[in-house]
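# Descriptive structure summary
The residues making up each chain are set out below.
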Amino acid sequence: MDVKKKLFFLLIFPFFFASCRDNSLNTDAVVPLVVFDYAKEEEKPACFLVVSVKLFSDAKRIVSVKILNAERGYCWLAEYPQVSAEKSGGSVNFCCAASAFDDFFPDGKYIAFITDSAGEEQQIPFSVNYDRAFVSASAEKAMKLLGTKCRKYAALYAKNGDLLYYLLENKLKRMNFWLDFKNAVYMRMCFVASDKSVCCIMPAVYKD
């Protein structure tokens, strides 16, 4: 699995609740998160849409997930998508890159199509709403748009780019992370808006 996608899914997992397993395809909520990934401070960020679907049924049975924005005619499809299996059912996770025609994700209505190994399909409508000012914002401006109530996470990486640790910033402050996590070479801060609509991933900070 792509390390960047793994990070995106970690950002969204805490928003889910426990549920009960069922033998048939049984879906709960769709949680979308618009992610702005800053490679450099002043450059325009790359944009992704992370979609996670909470399931009451066994997540391992899912064979495809499709995300449709009918207004623009955009469609993203993943066969055998990344799943997180739990006793309660789990979740299906999908990271969509922005369209080649638009470098952002349009606000509005979307539909998630979830299909299991028995051929059963469920359609789950959801909406994407966020401040469009993030699309062209620098990393510094994005921090101002997020405000003081955003949640702050730190992602620590090895030299080869593997994601090693992911933790809340307040835990990081209580330790000297370059000493406590000696195999970490660089860190990226991740800020999630208080309304959970947007996440901004800041440029890498390297160990001296």
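Residues numbered from 1 in each chain as written. Predicted model: local features only at pLDDT ≥ 70, side-chain atom pairs only at ≥ 80, totals over all residues. Heavy atoms only, no water.

With that out of the way, let us pick up the sheet that holds strand β7 (residues 108-116). Overall, antiparallel pairing links the four strands, which are arranged β4-β3-β7-β8 in an open sheet. Looking at which strands have only one partner, the edges of the open sheet turn out to be β4 (74-79) and β8 (121-128). Averaged over all adjacent pairs, the angle separating strand axes in this sheet is 15 degrees, with direction ignored. Across eight bridges, β7 lies against β8 in antiparallel orientation. Across the sheet, residue Ile111 finds its bridge partner in β8, namely Pro125. (Pairing = 2+ DSSP bridges. Helix = DSSP H or I, 4+ residues; strand = E, 2+ residues; numbered from the N terminus. Axes fitted to C-alpha atoms, helices over the stretch in contact; angles between N-to-C directions.)

What follows deals with the confidence of the model for the protein chain. Mean pLDDT over the protein chain: 82, with 82% of residues reaching 70 or higher. For the protein chain, helix α1 (residues 3-12) is the element with the lowest average pLDDT, namely 58, and strand β12 (residues 198-201) is the one with the highest, namely 95. Within the model, pLDDT remains below 50 along residues 16-21, and this stretch shows 20 contacts once partners closer than five positions in the same chain are excluded. (pLDDT = per-residue confidence, 0-100. Contact = heavy atoms within 4.5 Å.)

By the element assignment, Ser57 lies in the loop between β2 (46-55) and β3 (62-69). Accessibility expressed as a relative area gives 1% for Ser57, which makes it buried. Counting along the chain gives 33 residues from Ser57 to Ser24, while the straight-line C-alpha distance between them is 6.4 Å. (Buried < 20%, exposed > 50% of the residue type's maximum accessible area, 1.4 Å probe, protein only.)

If you look at the biggest cluster of nonpolar residues, it comprises 48 residues, and the most contacted ones within it are Phe36, Ile67, Tyr130 and Cys200. It is β2 that provides the largest number of residues to this core, a total of five residues. Apart from the residues within four sequence positions on either side, Ile67 is in contact with Val51, Tyr74, Cys75, Trp76, Phe94, Cys96, Tyr110, Ile111, Ala112 and Phe126. Formed by 14 residues, the second largest nonpolar core is a distinct cluster that contains Cys95, Cys190, Cys199 and Ile201. (Core = buried A, V, L, I, M, F, W, Y, C linked by side-chain atoms within 4.5 Å.)

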